Structure formats: C-alpha cells, structure tokens
Amino acid sequence: TYPRHKIVISTATNVLQEQLISKPVDQLNQILPFHTTAVLVKGNSHYLNLSKFVHSLSVHDDSQLVQMIKAQILVWLLQTTTGDLDELNLNSQRSPFFTEIRHHGVASLTKDDPLYRNDFLVRRQKKLAMANIIVTNHSYLVAHAQELGATSPLTYLVVDEAQHLSESVLQNSRDEISFSRAAVAINQLQTLTEAESEQGLTKMFAKLPLGQYNLELMRTDLHEFRAALDDIQQSLYGMLNQAQITAGDEFIEQVIDNHDLYELLSPDQSLMMRLEQSLASLKLHFTALEHLFKARNESWLSSDRYVMNQVSSQMSVLTHIDEHFRLVGQNLRDENDAAVYWLNVRQSSERSTLRLSGGLLAANHYLRENVYAYFYRQLFVGATLFTSGRSNYLYQQLDLDPQKVKSKRFASTFDYQQNARLYVATDSVLPDYQNENEYINYLAQSIYRIAQENQCQTMVLFNSLVTIEQVYGLLRQTDLFNQRDILAQGINGNREKLLKQFATGTNSLLMGANS
C-alpha cells in the first residue's frame, strides 16, 4: 500500500488503541522494506485546547481542586506530545474546569491565535497527512468514516474486535438530552451577557457601540431559545401518563410514541424552527463579537479572553443539544422501526428534571451505507468472531453478505494445556443474604492466599462493585498492600486508568467487575 494508500485500524477501546500503536508499528518497521508511521486518533474532547488552558491560568480560582489540576497539567505539558487528557489518569476529569479546556475541534480555532501552530489537533492533522497507519476506535470510526476514508485515494479498513462494531453503531445513535443541563448553560450565558454584570461581556464591550448592539441581540436570542426549549419540554411532558405525574411518583420512565415525537421534533415543525432560528441568530451575533474581539487583539486582558472562552464553551453546549435534537429527528425519519425513545422524569419538592433518551435498537444497513462505503477494502479480525455457531448472526450484525465474504480461521498460538489451569473451589461459602459477612471474609482470605502463593499479574473478577469495595476493605487490613499493587474498580480510579496501570504493571492484583 505504500506510499499512496493508508490503512485505518479500528478497535474496540482506547486501551487497545494504545496497545496497537506501540509495539506493532516497531515490529512492522523491522519486517517491511519501507518505513511506516502511525498516528492515534480519538474524539476531539479527549484533547486539551492549549489556548483555552493558557487563558485559564490568568484567572484566580478559589477551588483547591482546580488549582491542583492546573498544576498537574502544567507538569504534564512538559512531557506530552499528543495533548491527550487521558494521559493524565485523573479521576477529576468530570470537574467543570475540564469542560472549559477540552477541545471542540480545529474548526473552533482561529489561525491568528498565537498558539494555533502548537495546538495539539493542528499538529495531529499534519501527522495524519504523513502517516501510513491511522489507529482509532469503533466509536470514532462510525462518527467520522467519510473523513477517515478520504485520507488517501484508496483507504483500507481493518476492524479489530469486529464483534463490537455494531454495538458502537447503536451506541453512537443513542442520545440523552438533558433539559436541566441546557438550562444551566442558558443561565450562565445570561449571566455573562446581562447588562448589569461587572465581569461579563457588557463591561468588555462598553465602549464599542457595535459590541453593545450585538450583545443586546444575544440577550434577545437567549430569551427566544429558552422559550422554544421550554415549549418543547412542555410538549414532552404532555406525552407522559398524567396519572403518574399527579400521583407524585418521584421517578417516572415512559416510552413515547415515535410518530408523536417526530411530529414534535421534525425540522419543519414550528417549535424546532424557532429553536434553530434563535440558535442560528445567537451564533451569528456572538461571531460578530468574536470579530470585534480579534480586531483589537492586543487591547484585551487575559481575564477578558477567559470570559470569551467561557461564553464559547456554553455556546458549544447549546449547539450540542441542538445536534442531539437533529439526530433524534433523523433516526425517527430514516430508521423509525428500529428506534425507541423514552422520557425520564425525576420529581422533587423543589423542581422536576426531564430527560429524553433513546436511539436505535438495530443497525439496519447502517454500516454498509455509512461506514464501509468510504473504504476500498475491509478486513475484520477478532479472536472470538466464530467461537460458536453464531456466524449468521455475526454477518447480520456486521451488515455483511455471507456469499460475498471470504473467511479464514487461524489455529490459536496459545497452548491451553500447558499455560492454563481451571480450578473449582469446593469449600466456598454460599453467597446469600444470611451468610454475606462470612462470604466476604471467605473471598478476602482466598484472594490473599492466592496472591501470596502466586507472584504474578492477577485479575479477580466480581459481579458486584459493592462486593469489590467490601473485599478491598478487608484486604486493606493485611500486609498484602505492602507487597503488591492492589487495584480495585470504583476505588482507585476509572476503568481506563486501571487497565493502563495493570497493563504496565509486573506484580499487580486487579479486582474488577464485568464492565
């Protein structure tokens, strides 16, 4: 394929991406008569927006957590070459601060920004143009198939862990629209644009008549957007079983009719037109403010740039919600029979929150038309593709015609007889409610004994995170923590962080659940 063509390799998880891009590329370069380069690609939100982070440093934060995060990122920036926030292995990535500094794509940048050339996604684009191999994950592949397929005249697609590809299609179509999250974004934007604000846009553009004019229009647009969103929310409430609402049930979950929902969210319906028009107008007037801001680039303080970044971040939230509405409408229009949507309502004495959730239940030729069509050839690989008599089901899930597919099975290189042993405990305590404490003690003692007698990488699988926490608490009282690195899901960090630590460890013990 060198040098005119590229290979896109897609796998199931971010951890597998890391594994594929490390040693295999070096091994290929030892075999092939030419040199290959590879680049790892994830979604934009995985990466740091360098400009936004630099501007955030000029703003004093009372939160010790945010101060600590900033310090950690500064140290990390001396080491990273990718800007991938997953490298930080922080449990605090749900902090609102990360919302402000996450990337929204190269399109959100301006070329006259002093940090544009050093931006991580701009640099990644240059690497993409030069790389022979692009390593991504199924979710990114499904969402950006056309973009990836266009990276060379003839692009090949290799799907690793192919049995999970259809799950990514369904997951990509799944949506959750939180009206409370939208309300928070609107409230923050109104605070930043209100006339009486001392720390928002009004003070910044006070001496610029054109700026004041666009700010006034933004306030009107925000009012219109909120009104349209409230009307959509009330229409959705009207689809609920009123008996449950009046009965005061704290939590309501109800499937809604696809026809009724499409009648509400169809692009040519009045409410959606109002929402789209107000958002388009809001974007237009904020863009005008951005032009004024850039025209006087040297006259602004760092705190002013931070305010503009805050407004931009909240605008992105509203845009994201609008995109979700469009996706729901598209699914209902194109895949009505395969789509299901429901409403979640949580009622309390103070307020009620409404969420619209749902998506596709089946792929229905989605892969063939929206993924495979952009690649010259496709190769599907996996260790468990045909481990049972479910081959017809697999072809259906992958949207393939069995008559047009060539398949090849390779014998396993793993010698199970020499390298695997299965033991069944005969002294186990029954795991029921009456013996719960005894059962937890039995698990802790057994794991302790196994860990002491086997000094190697060890994984212990549970079917309950609560049980992991209880066993972890008992093991914490032993000397095992002085001898080995004990990792526990739900305690030491998120799934990705634990898997990375375990993959690079030499004598770790990992306790995890099915996820």
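Here the structure is a predicted model, which means the values were calculated and not measured. (Residues numbered from 1 in each chain as written. Predicted model: local features only at pLDDT ≥ 70, side-chain atom pairs only at ≥ 80, totals over all residues. Heavy atoms only, no water.)

K.L.:
I'd like a rundown of the pattern of salt bridges, residues and numbers included.
P.N.:
In total, this model carries ten salt bridges according to the counting rule given. The partner of Arg355 in a salt bridge is Glu176, and the shortest N-O contact between them spans 2.9 Å. Here Glu176 lies in strand β5 (residues 175-178) and Arg355 lies in strand β8 (residues 352-360), a separation of 179 residues in the sequence. Given a relative accessible area of 27%, Arg355 falls into the partly exposed group. Residue classification places Glu176 among the partly exposed residues on the basis of a relative accessible area of 44%. Notably, a salt bridge pairs Arg326 with Asp322, separated by 3.3 Å at the nearest N-O pair. Here the residue Arg326 and the residue Asp322 both occupy positions in helix α15 (residues 302-334), the gap between them amounting to four residues, near one helical turn. One connected set of salt bridges, linked through shared partners, spans Glu18, Lys42, Asp84 and Asp86. (Salt bridge = Lys/Arg side-chain N within 4 Å of Asp/Glu carboxyl O. Helix = DSSP H or I, 4+ residues; strand = E, 2+ residues; numbered from the N terminus. Buried < 20%, exposed > 50% of the residue type's maximum accessible area, 1.4 Å probe, protein only.)

K.L.:
Quick one: what's the story with the pairing of strand β4 (residues 155-159), residue by residue and with numbers?
P.N.:
Of all five residues that make up β4, four are buried, and the element is covered over most of its length. By the bridge criterion, five bridges tie strand β1 (residues 6-11) to β4 in an arrangement that is parallel. Paired with Ile7 across the two strands is Tyr156, which belongs to β4. Two elements, β4 and strand β9 (residues 377-380), share four bridges in a ladder whose sense is parallel. For Leu157, the partnering residue across the bridge sits in β9 and is Gln378. (Pairing = 2+ DSSP bridges.)

K.L.:
Pulling in residues and values, what's your account of the packing of aromatic side chains?
P.N.:
A complete count under the given rule lists eight aromatic pairs for this structure. Note on Phe293 and Trp300: the rings are 4.7 Å apart at their centroids and 15° apart in plane angle, and the pair reads as stacked. With a relative accessible area of 12%, Trp300 lands in the buried category. Put simply, the rings of Phe205, Phe293 and Trp300 touch in pairs and so form one group of aromatic residues. Lying over the aromatic face of Phe410, Lys408 brings its terminal NZ or CZ to 5.8 Å of the ring centre. When the ring centre of Phe481 is taken as reference, the NZ or CZ atom of Arg476 above it lies at 4.4 Å. (Phe/Tyr/Trp six-rings, centres within 6.5 Å; stacked < 30°, edge-to-face > 60°. Lys NZ or Arg CZ within 6 Å of the ring centre and 35° of its normal.)

K.L.:
I'd like a description of the packing of helix α11 (residues 209-237) against helix α14 (residues 270-295), backed by residues and values.
P.N.:
Look at α11 against α14: their axes get within 8 Å of each other, and the N-to-C directions meet at 155°. It follows from the interaxial angle that α11 and α14 lie roughly antiparallel. Seen from above, α11 lies across α14 with left-handed handedness. For the contact of α11 with α14, the residue count by class is 19 nonpolar, six polar and four charged. (Axes fitted to C-alpha atoms, helices over the stretch in contact; angles between N-to-C directions. Parallel < 35°, antiparallel > 145°, perpendicular 65-115°, else oblique. Left-handed = near helix turned anticlockwise from the far one by under 90°. Nonpolar A, V, L, I, M, F, W, Y, C, P; charged D, E, K, R; others polar.)

K.L.:
Outline the sheet that holds β4, listing residues and values.
P.N.:
One open sheet accounts for five strands, arranged β2-β3-β1-β4-β9; its pairing is parallel. Edge positions in the open sheet fall to β2 (38-40) and β9, since each of these has one partner strand only. Averaged over all pairs of adjacent strands, the angle between strand axes in this sheet comes to 20°, irrespective of strand direction. Here helix α1 (residues 14-31) sits on the sheet in contact with β1, β2 and β3 (133-137), set at roughly 160° to β3. Most of the contacts of helix α5 (residues 120-130) go to β2, to which it runs at about 145°, and overall it touches β1, β2 and β3. (Contact = heavy atoms within 4.5 Å.)

K.L.:
Explain the nonpolar core residue by residue, including any values.
P.N.:
Grouped together as the largest cluster of nonpolar side chains are 54 residues, with contacts concentrated most on Phe205, Ile232 and Phe325. In terms of residues, this core owes the most to one element, α15, which gives ten residues. When residues no more than four places from it in sequence are discounted, the contact partners of Ile232 are Phe179, Leu264, Leu265, Leu271, Met272, Leu275 and Phe325. Membership of the second largest hydrophobic core comes to 26 residues, among which are Val8, Leu141, Val159 and Leu394. (Core = buried A, V, L, I, M, F, W, Y, C linked by side-chain atoms within 4.5 Å.)

K.L.:
Describe the packing of helix α9 (residues 179-193) against α11, listing the residues and the values that go with them.
P.N.:
If you want to describe how two helices pack, look at the angle between their axes and the distance between the axes. Put simply, α9 and α11 touch, their axes get as near as 10 Å, and they point 165° apart. When the axis of α9 is compared with that of α11, the two are roughly antiparallel. The handedness of the crossing between α9 and α11 is left-handed. Touching Phe179, Ala182, Ala183, Ile186, Asn187, Leu189, Gln190 and Thr193 of α9 are Leu215, Met218, Arg219, Leu222, Phe225, Arg226, Leu229, Ile232, Gln233 and Leu236, all from α11. When grouped by side-chain class, the residues that make up the contact of α9 with α11 number twelve nonpolar, four polar and two charged.

K.L.:
Pulling in residues and values, what's your account of empty space enclosed by the protein?
P.N.:
Under the counting rule described, the total for this entry stands at one cavity of 30 Å³ or more. Lining the largest cavity we find Leu50, Ser51, Leu109, Thr110, Asp113, Leu115, Tyr116 and Asp119. Grouping the amino acids of the lining of the largest cavity by side-chain chemistry returns four nonpolar, two polar and two charged. (1 Å grid on protein atoms, 1.4 Å probe; cavity = no way out; pocket = protein on both sides within 12 Å on 5 of 7 lines; lining within 4 Å. Points joined across faces, edges and corners; volume = space filled by probe spheres on them.)

K.L.:
Tell me about the sheet that holds strand β11 (residues 485-488), residues and numbers included.
P.N.:
Working definition: the strands of a sheet are paired by backbone hydrogen bonds and lie parallel or antiparallel to each other. In space, the three strands of this open sheet follow the order β10-β12-β11, with parallel pairing throughout. On the outer flanks of this sheet lie β10 (458-461) and β11, each paired with one strand and no other. If you compare each strand with its neighbour and ignore which way they point, the axes differ by 15° on average. Across four bridges, the pairing between β11 and strand β12 (residues 508-512) is parallel. The residue of β12 that forms the bridge with Ile486 is Leu509. Relative to the sheet, helix α20 (residues 465-475) contacts β11 and β12, its axis offset from that of β12 by approximately 150°. Strand contacts of helix α21 (residues 495-504): β10, β11 and β12, with the helix running at about 155° to β11, the strand carrying the most contacts.

K.L.:
Requested: an account of the pairing of β10, with residues and values cited.
P.N.:
The alternating pattern of β10 places Thr458 and Val460 on a buried face, while none of Met459 and Leu461, on the opposite face, is buried. Here four bridges tie β10 to β12, and the two strands are oriented parallel to one another. Paired with Thr458 across the strands is Leu509, a residue of β12.

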